[in-house]
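Examination of the molecular architecture
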Amino acid sequence: IVFNFRTTYVSKSGQVIFEARQICIHYLTTWFIIDLVAALPFDLLYAFKVSVVSVVHLLKTVRLLRLLRLLQKMDRYSQHSTVVLTLLMSMFALLAHWMACIWYIIGKMEMEANAYNWDIG
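None of these values were measured; they are calculated from a predicted model. (Residues numbered from 1 in each chain as written. Predicted model: local features only at pLDDT ≥ 70, side-chain atom pairs only at ≥ 80, totals over all residues. Heavy atoms only, no water.)

**Examining the overall build of the protein**
Spelled out, the test is: Helix numbers and strand numbers start at the N terminus; a helix is a DSSP run of H or I with at least 4 residues, a strand a run of E with at least 2. For every residue, the accessible area (1.4 Å probe, protein chains only) is compared with the maximum for its type, and the residue is labelled buried under 20%, exposed over 50%, or partly exposed between those bounds. In this description, accessible areas are obtained by the Shrake-Rupley approach with a 1.4 Å probe, and a residue is regarded as covered only by the protein chains that are shown.
Across its full length, the protein carries 6 helices and 2 strands. Moving toward the C terminus, one meets the helices and strands of the protein in the order β-β-α-α-α-α-α-α. Every one of the 121 residues in the protein was classed for burial, and the buried ones make up 13%. Summed over its atoms, the accessible surface of the protein is roughly 10,400 Å², and 69% of this surface lies on carbon and sulfur atoms.

In structure tokens:
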């Protein structure tokens, strides 16, 4: 987060902005909130047994929005086939991960519902 306050950006007119004040204002109005929520240590809250509302779990998905920034930067390299192939493989891996998480949650819920019975189905 600290480095983003000093990183130049390209304005809508195509100029590279070097002035620190404009960089700070731009970062505060664009990605700062997303980066701040994504940087919160949710695991430490669990470690110290702080009661966490289920809404906080949704805030953890804000970290995925940081991928949008990467995709915006990768857009200028999209004509290269290796970049397109890497992005495609990454999306398949992410989709497979999400499907595995859903599969795990379904299995866990079935085991809790039928705790004293081996017949799950």
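**Section: the packing of aromatic side chains**
Using the following cut-off: Only Phe, Tyr and Trp rings take part, Trp by its six-membered ring, and two of them pair if their centres are within 6.5 Å. Stacked means planes under 30 degrees apart, edge-to-face means over 60, and tilted covers everything else.
Evaluation of the coordinates by the stated rule reveals 3 aromatic pairs. On the numbers, 5.7 Å between centres and 55° between planes, the contact of Phe5 with Phe32 is tilted. Placement of Phe5 in the segment before strand 1 (9-10) and of Phe32 in helix 2 (residues 32-38) is noted, with a sequence separation of 27 residues between them. Using a relative accessible area of 21% as the deciding quantity, one classes Phe5 as partly exposed.

**What about the environment of Asn4?**
Assignment of secondary structure puts Asn4 in the segment before strand 1. Here the alpha-carbon distance between Asn4 and Leu28, two residues 24 residues apart in the chain, equals 9.6 Å.

**Looking at the confidence of the model for the protein**
Short version of the rule: Residue-level confidence of the predictor, termed pLDDT, takes values from 0 up to 100.
Mean pLDDT over the protein works out to 79, with 72% of the residues at or above the 70 mark. Within the protein, helix 4 (residues 54-60) has the poorest average pLDDT of any element, 62, and helix 1 (residues 20-29) the best, 93.

**Concerning a nonpolar patch on the surface**
Inclusion rule: Only residues whose relative accessible area exceeds 30% and that take part in no salt bridge are eligible for patches, with like-charged residues grouped when within 9 Å of each other and nonpolar side chains (Val, Leu, Ile, Met, Phe, Trp, Tyr) grouped when within 5 Å. Note on definitions: salt bridges are taken to be side-chain nitrogens of Lys or Arg within 4 Å of carboxyl oxygens of Asp or Glu.
Together, Leu64, Leu67, Leu70, Leu85, Leu88, Met89, Phe92, Leu95, Trp98, Met99, Ile102 and Ile106 make up a nonpolar patch on the protein surface, roughly 1,200 Å² of accessible area in all. Of all the secondary structure elements, the ones that give two or more residues to the nonpolar patch are helix 5 (66-74) and helix 6 (81-113). The element that contributes the greatest number of residues to the nonpolar patch is helix 6, accounting for 9 residues.

**A few points about the side chain of Ser11**
Operational definition: Between N or O atoms, a polar contact is any pair within 3.5 Å; within protein, one atom must be a potential hydrogen donor and the other a potential acceptor, and residues adjacent in sequence are included only when both atoms are from side chains.
Checked against the element boundaries, Ser11 lands in the loop between strand 1 and strand 2 (16-17). Only 3.0 Å separates the side chain of Ser11 from the side chain of Ser13, close enough to count as a polar contact.

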